[in-house]
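Residue-level structure breakdown
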Amino acid sequence: MSARIQDDQRDTDLADAPLDAALRRVWDTPRGVWGALATVDHKVIGRRYIATAFVFLAFGGVLALLMRWQLARPESRVLTPDLYNQIFTVHGTSMMFLFAVPVMEAMAVYLVPLMVGTRNIAFPRLNAFSYWMYLVGGILLWGAFLVDMGPDIGWFAYVPLAGPQYGAGKRVDIWAQMITFTEISALAVAVEIVVTVLKQRAPGMSLDRIPLFVWAMLVTSFIIIMAMPAVMVASTALILDRLVGTHFFNPAEGGDVLLWQHLFWFFGHPEVYIIFLPAVGMISSILPTFVRRPIFGYLPLVLAMVSVGILSFGLWVHHMFTTGLPRLGESFFTASSMAIALPSGIQIFCWLATIWYGRPVYRTPFLFILAFFFTFIMGGMTGVMVASVPLDTQLHDSYFVVAHFHYVLVGGAVFPLLGGVYYWFPKFTGRMMSERVGKWVAGLLFAAFNFTFFPMHVLGLLGMPRRVYTYQLDMGWGGLNLFVSLSAVVLAAGFLLFFYDAVRSARHGEPAGDNPWGAATLEWATASPPPSYNFARLPVVRSANPLWEDDGVLPVAGGLRVDRRELLVTTVGGALPEARESSPRPTIWPLWSALATTALLLGSILTPWAVVWGAVPVTIALIGWFWPGGRKEEES
Amino acid sequence: MKQDVVVDLSDLPMNGSGTASLTWWGTVAFMLIEGTGFALMISVYLYLGSLAPAWPIEAPPPEWGPGTGVTLLLLASLVPNVLLSRWAAARDLRKVRAGLLIMAVFGTAPLVLRVWEFMALDVSWDSNAYGSAVWMLLGLHTTHILTDLLETYVLAALMFTRHADNPRRFGDVQDGAMYWNFVVLTWLPIYACLYGIPRL
């Protein structure tokens, strides 16, 4: 059946079956331990990334439950104050750095190459490296927490509490190095996505035909590239202050504590949009499928995402309204904080119009989008409230803020993400998740979320501060707190049901087929789960909704080699073919590089000299990585 | 799905060069990351300077000598660097080998002189916030010289092996040369900041 594959064999003359066999020979990841450690397949790494991020979500959720147990009654002594400090810090840090950002990038690692119609992500080995770095960063934080060395300074680690004077021991250093690990991995993925989207799109996928999730990830990746260096500069300065006695944040020697807040929030506010924009993209990509019509307002949606990306850099000071900055500066940041509501509003109205003109099909992913609408708009409105300086001064550091950002983050990002998981799960696994269980999950999470977090607005207005370990009986906060804690248990049950459904469906779900939802974008043009090479022949794109407009026949491109890993490089604007480029084979060097970098970074918590001797194995591993192996992929 | 072959890619080149190369774009993206890092460090320097009653804090301005020497060396290195990039574009292996060896020297020299530049700062990183800022700014840039220099060494060694005569390698050399331009050009605002601001 399978013809002998010669040098420079092209796909043009091969029938489907021999083509599949030939492509598998070069693209399949080898089985066994070596294959698992050496794989550079974006789908394998993407799945791992997503699964790992959800494990950290579950861990962070357990910590949330412990906090709610402690706060359920006044003057409770379930946890010690020190453990409570570690718990809220590790909860926030996990959710932001180990769940929210990585899970969004992970979805992109899996989906973007499929949605733009290519065979692997750009820089696949960097992708493998980024996963290992992320995994180590997560193990570092949680390992430290389990041996009572968890950071206890809040997820934004304000100095002087985090500085050498008050943050004794190694807890803060663990936090700061965890930042280094996760930022390296996030930046690496951002670069991969930018290059994949700009240069590896299917022929014909001009800028106005890019799926909106891909647009969202492109904008997000640029935000990551511009914002994450700020937190790396900040955490490096913090480590230096603690380790070698610099004075960046020490006012006694000319340093400044607010410098930390400026640097942190210059990253930290765009961070919100790093989490939110991918969710927006998911909605724009999922919605048309369930209302059976193309998205309303493609161009305004793209422009809105780009302007959100730009405006997100002009908001950071609204986290610092109570630090006594000049009034004029505060007014500017109030204005910009309110201005970002405009592009957000444009998106909401475009989605509403899409639904209005469509014929909604109420399947689980669509239910999560509806849950998003209500929850996110609530969070957006309290956001406009706290953008005002006088109100923020009153509400700062209270439970009102806790309620606000959970509405924005859970409503704005987690609900669309879960909708996205239900939507793309058949592509990931080849099986459907349960529609019946899914409706319960959506309903339970939506109701329990609102019961858990809405009363926190009231608690904040009643004066309950965030991060408080316990409260006296006569504060009168007991009843609402008990209600919140009980609702949190229901919320956890909803997540448990979701995990149950995912694990069960992965094995026993109904087989999905290539395109179970009848969707329009390219990831549905291949098998579920896709073969290692993604597309036997690369699709050619003629419209923004390719699978809806080509009558069941997929226009494709021929002429690529099948005796080496080959994909297509196209131009940035019009996606015109430029070159046949090779893509690397599996290699163990990214893992060695990650382990060597780990030794350097962990060593540097103990002694600055680790940076010097640690650089040697890192250099060796990187040389091993880049040294050409003489395979066909090297030919040019 | 049924497929219909509508485009033939057979005659495309087997790897992309210039802006058709993925590594070119990757290099640009990393320059954007690191450029942001430099801009932020300069902002930290200016921010701390704007708060201090006197700047530099309890130290003389850095001595001109070694830093200006480094600047001149870096600027001079642009000439062989641009030539190297051209030779790589022309795929002239003999000249590329020579160019890489020259660039190895031109990368090493400013790194050696940098040692004196650190001493000429006349302040320690743990003296005060001014010292911390100048050491970190200079340190950050030195790491860039160091990493690019290591890359130049490895590339130079690679170009004397059987892997050398390959358009892909020449692309690597061009990307390396572009990155060195970046390292040199980002130095200029840092130089102006470190040596000019304290004298204002």
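The structure displayed is predicted, hence computed values, not measured ones. (Residues numbered from 1 in each chain as written. Chains lettered and ligands numbered in written order. Predicted model: local features only at pLDDT ≥ 70, side-chain atom pairs only at ≥ 80, totals over all residues. Heavy atoms only, no water.)

**A closer look at the interface of chain B and chain A**
The figure often quoted for interface size is the accessible area lost as the parts come together. If you look at the interface, chain B gives 52 residues, while chain A gives 67 residues. Roughly 5200 Å² of surface becomes buried between chain B and chain A when both sides are summed, with 70% attributable to carbon and sulfur atoms. If you sort the residues of chain B by the area they bury against chain A, B:Met1, B:Met14 and B:Leu22 come out on top, with a joint share of 15%. For the pair chain B and chain A, the interface holds 2 salt bridges. For the salt bridge of B:Arg169 with A:Glu634, the shortest nitrogen-to-oxygen distance reads 2.9 Å. At the boundary of chain B with chain A, the tally comes to 26 residue pairs in polar contact (both at pLDDT 80 or more). Counting residues per element, the ones that place at least two in the side of chain B that touches chain A are strand E1 (2-8), helix H1 (22-51), helix H4 (129-158) and helix H5 (167-196) of chain B. At 16 residues, H1(B) tops the list of elements feeding residues into the side of chain B that touches chain A. (Contact = heavy atoms within 4.5 Å. Buried area = accessible area lost by both parts, 1.4 Å probe. Salt bridge = Lys/Arg side-chain N within 4 Å of Asp/Glu carboxyl O. Polar contact = N/O pair within 3.5 Å; in protein donor to acceptor, adjacent residues only side chain to side chain. Helix = DSSP H or I, 4+ residues; strand = E, 2+ residues; numbered from the N terminus.)

**Notes on helix H19 (residues 610-626) of chain A**
All names here are of chain A. With 17 residues, H19 extends 24 Å between its outermost C-alpha atoms, agreeing within 8% with the 24 Å of an ideal straight helix rising 1.5 Å per residue. The largest bend along H19 reaches roughly 25° and is located at valine 616, with the proline proline 617 sitting one to four residues downstream. Taken residue by residue, H19 has Ala610, Gly614, Val618, Ala621, Gly624 and Trp625 as its buried positions. Buried positions along H19 lie against helix H5 (124-146) and helix H18 (589-606). (Expected span 1.5 Å × (residues − 1). Bend = angle between axes of the 7 residues up to and from the residue. Buried < 20%, exposed > 50% of the residue type's maximum accessible area, 1.4 Å probe, protein only.)

**Let's talk about the domain arrangement of chain A**
Residue and element names in this part refer to chain A. Assigned domains of chain A: these are domain 1 (33-589) and domain 2 (593-634). Taking the mean C-alpha position of each, domain 1 and domain 2 sit 29 Å from one another. Taken together, the contact pairs 23 residues of domain 1 with 18 residues of domain 2. Seen at the junction of domain 1 and domain 2, the total is 2 salt bridges. Close ionic contact of aspartate 563 with lysine 632 constitutes a salt bridge, the shortest N to O distance being 3.2 Å. Where domain 1 touches domain 2, the interface holds 11 residue pairs in polar contact (both at pLDDT 80 or more). Listed by contribution, the elements that provide at least two residues to the side of domain 1 that touches domain 2 are H5 and helix H6 (171-199). At 7 residues, the largest contribution of residues to the side of domain 1 that touches domain 2 is made by H5. Per-class residue counts for the side of domain 1 that touches domain 2 are 11 nonpolar, 4 polar and 8 charged. (Domains from an automatic or database assignment. Nonpolar A, V, L, I, M, F, W, Y, C, P; charged D, E, K, R; others polar.)

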